[in-house]
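Topology and contacts: notes
Here's the letter readout for the chains.
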Amino acid sequence: MRRIKIAVLVSGGGTNLQAIIDAQKSGILKSGEVSLVVADKKEAYALTRAENNNIKTAVIVKKECASKAEFEEKIISTLEENNIDFIILAGFMQILSENFTKKYANRIINVHPSLIPSFCGEGFYGLKVHEAALDYGVKVTGATVHFVNEIPDGGEIIMQKAVEIMPGDTPETLQKRVMENAEWIILPRAAEIVSQKMLEEEK
Ligand code: GAR
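Along every chain, residues carry numbers that run from 1 in the direction the sequence is written. Selection of residues for local features in this predicted model requires a pLDDT of at least 70, selection of side-chain atom pairs for listing and counting requires 80 or more, and totals for whole chains, interfaces and linings are taken over all residues. The basis for the side-chain values is all heavy atoms of the structure; hydrogens and waters are excluded.

**Overview of helix H1 (residues 15–26)**
Quick reminder of the rule: Secondary structure counts use DSSP, requiring at least four H or I residues in a row for a helix and at least two E residues in a row for a strand, with both numbered from the N terminus. In this scheme, a helix's expected span is set at 1.5 Å multiplied by one less than its residue total. Only protein chains enter the accessibility calculation, which uses a 1.4 Å probe. A residue is then buried if its area is under 20% of the maximum for its type, exposed if over 50%, and partly exposed in between. It only takes one pair of heavy atoms within 4.5 Å for two residues to be counted as in contact.
With 12 residues, H1 should reach 16 Å at 1.5 Å per residue; the first-to-last C-alpha distance of 16 Å fits that figure. Along H1, the residues classified as buried are Asn-16, Leu-17, Gln-18, Ala-19, Ile-20, Ile-21 and Ala-23. Contacts made by the buried residues of H1 are with strand E1 (4–10), strand E2 (32–39), helix H2 (45–52), strand E4 (86–89), strand E5 (108–112) and helix H6 (171–202). Following H1 by one or two positions, Gly-27 has its phi on the positive side, about 95 degrees.

**Comments concerning the nonpolar core**
To keep it simple, the criterion reads: Take the buried residues of types Ala, Val, Leu, Ile, Met, Phe, Trp, Tyr and Cys, join any two whose side-chain atoms come within 4.5 Å, and each joined set is a nonpolar core.
Val-8, Val-37, Phe-86, Ile-88, Ile-109 and Leu-187 are the most contacted members of the largest nonpolar core, which has 38 residues in total. Among the elements that line this core, the one with the most residues is H6, at 10 residues. Sequence-distant contacts of Phe-86, that is, excluding residues within four places in its chain, are made with Ile-4, Lys-5, Ile-6, Ala-7, Arg-107, Ile-109, Ala-191, Val-194, Ser-195 and Met-198. Core analysis: the next-biggest nonpolar cluster, separate from the first, contains 20 residues, Leu-36, Cys-65, Ile-87 and Val-148 among them.

**Some words on the site of the ligand**
The condition that has to hold: Neighbouring residues are identified by heavy atoms, a residue being near a molecule or strand if any of them is within 4 Å of it. By the criterion applied in these results, polar contacts are pairs of N or O atoms within 3.5 Å in which, for protein atoms, one can donate a hydrogen and the other can accept it, and in which residues neighboring in sequence qualify only through two side-chain atoms. Computed with a 1.4 Å probe, the accessible areas rest on the Shrake-Rupley method; for each residue, only the protein chains presented here act as cover. Both cavities and pockets are sets of points on a 1 Å grid over the protein atoms alone; in a cavity a 1.4 Å probe fits but cannot get out, in a pocket the set is open with protein on both sides within 12 Å along at least five of seven lines, and lining residues sit with an atom within 4 Å of a point. Being in a pocket or cavity means that more than half of the molecule's atoms lie within 2 Å of its grid points. Three residue categories are used. Nonpolar comprises Ala, Val, Leu, Ile, Met, Phe, Trp, Tyr, Cys and Pro, charged comprises Asp, Glu, Lys and Arg, and polar comprises the others, including Gly.
In the region of the ligand, 15 residues are neighbours, and Gly-14, Thr-15, Asn-16, Gly-126 and Glu-183 sit closest. The contact in question runs from an oxygen atom of the ligand to an N or O atom on the side chain of Thr-15, over 2.6 Å. Here Gly-126 contributes a backbone N or O atom positioned 2.8 Å from an oxygen atom of the ligand. Relative to its unbound accessible surface of 450 Å², the ligand loses 92% to contact with the protein. When each cavity is represented as a set of grid points, the ligand is found to reside in the largest pocket. Elements represented by at least two residues in the shell around the ligand include exactly H1, E5 and H6. Class assignment for the residues of the shell around the ligand results in six nonpolar, eight polar and one charged.

**Some thoughts on the layout of surface pockets**
Formally: Grid points are joined across faces, edges and corners, and a volume is the space filled by probe spheres set on the points.
In this structure, the largest pocket occupies an estimated 730 Å³ of space. Around the largest pocket, the lining is made up of 38 residues, and of these Gly-91, Phe-92, Met-93, Asn-110 and Tyr-125 lie nearest the centre. Mapped onto the lining of the largest pocket, the elements with two or more residues apiece are H1, E5 and H6. A breakdown of the residues in the lining of the largest pocket according to their chemical character gives 14 nonpolar, 18 polar and six charged.

**Quick notes on the pairing of E4**
Keep this limit in mind: A strand pair is defined by DSSP finding two or more bridges across the two strands.
What you see with E4 is no split at all: Phe-86 and Ile-88 on one side and Ile-87 and Leu-89 on the other are buried throughout. Relative to E4, E1 runs parallel, the two sharing four bridges. Bridged to Val-8 within E4 is Ile-88. Bridging between E4 and E5 involves three bridges; their strand directions are parallel.

**Points about the sheet that holds strand E3 (residues 57–59)**
Selection criterion: For helices, the fitted axis covers only the stretch in contact; all axes are lines through C-alpha atoms, and the angles between them, taken along N-to-C directions, range from 0 to 180 degrees.
The seven strands are arranged E3-E2-E1-E4-E5-E6-E7 in an open sheet whose pairing can be described as mixed. The open sheet is flanked by E3 and strand E7 (157–164), the only strands paired with a single partner. Here the average twist between neighbouring strands, direction ignored, is 20 degrees. Along the sheet, H6 makes contact with E1, E2, E4, E5, strand E6 (140–147) and E7, crossing E7 at roughly 165 degrees.

Structural data, given as structure tokens:
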């Protein structure tokens with residue numbers, strides 16, 4: 001059976017990558033398969049998670065490229081060499097240019113750790129998002145999976161899940177709850193929805 005070939009782009013621990021791999025094993029993700037993991041950091045633990053699951057990896061470091069354009073061209077050629085259909089940004093801490101996002105229009109999704117349009121856009125990533133939510137004093141936050149276009153965190157929303165903020169929460173405790181109760185659930189589900197749609201469009 002044909003499956004959509006997925007590349008997951010990562011920068012860090014890769015718990016969202018792990019959730020996608022686990023979803024593939026349990027059958028939640030069945031229309032697509034992760035065939036490549038691309039990291040922009042050599043030390044990203046996500047690379048070890050990929051290797052443990054026999055998934056091909058590539059490392060492309062921005063600082064080792066002459067420009068952002070060269071960095072993106074290297075990623076694109078790696079994706080093309082591996083016949084990638086669909087890209088998932090899972091804790092990938094780079095903003096992709098319009099040149100990149102146009103090339104893969106409706107074929108890139110991202111998970112963001114807040115309920116967009118709150119606490120999103122340039123400068124809002126990782127723990128900073130949870131710090132901002134706690135500083136503002138919101139009582140509910142969550143996660144969003146959305147298509148990626150040229151506006152940071154501005155593409156069409158695919159799925160969201162709310163998470164309550166508890167008294168005494170720190171950015172770290174909140175990050176953990178948002179990951180466990182929202183991100184790791186909605187990212188694999190959204191990956192299946194988009195993969196299934198892509199397969200249908202091929203018919
Ligand atoms: C996740 O919380 C993800 O939503 C966030 O970084 C973390 C990566 O964790 N992404 C962003 O903030 C993107 N703007 P992981 O490497 O364990 O999946």
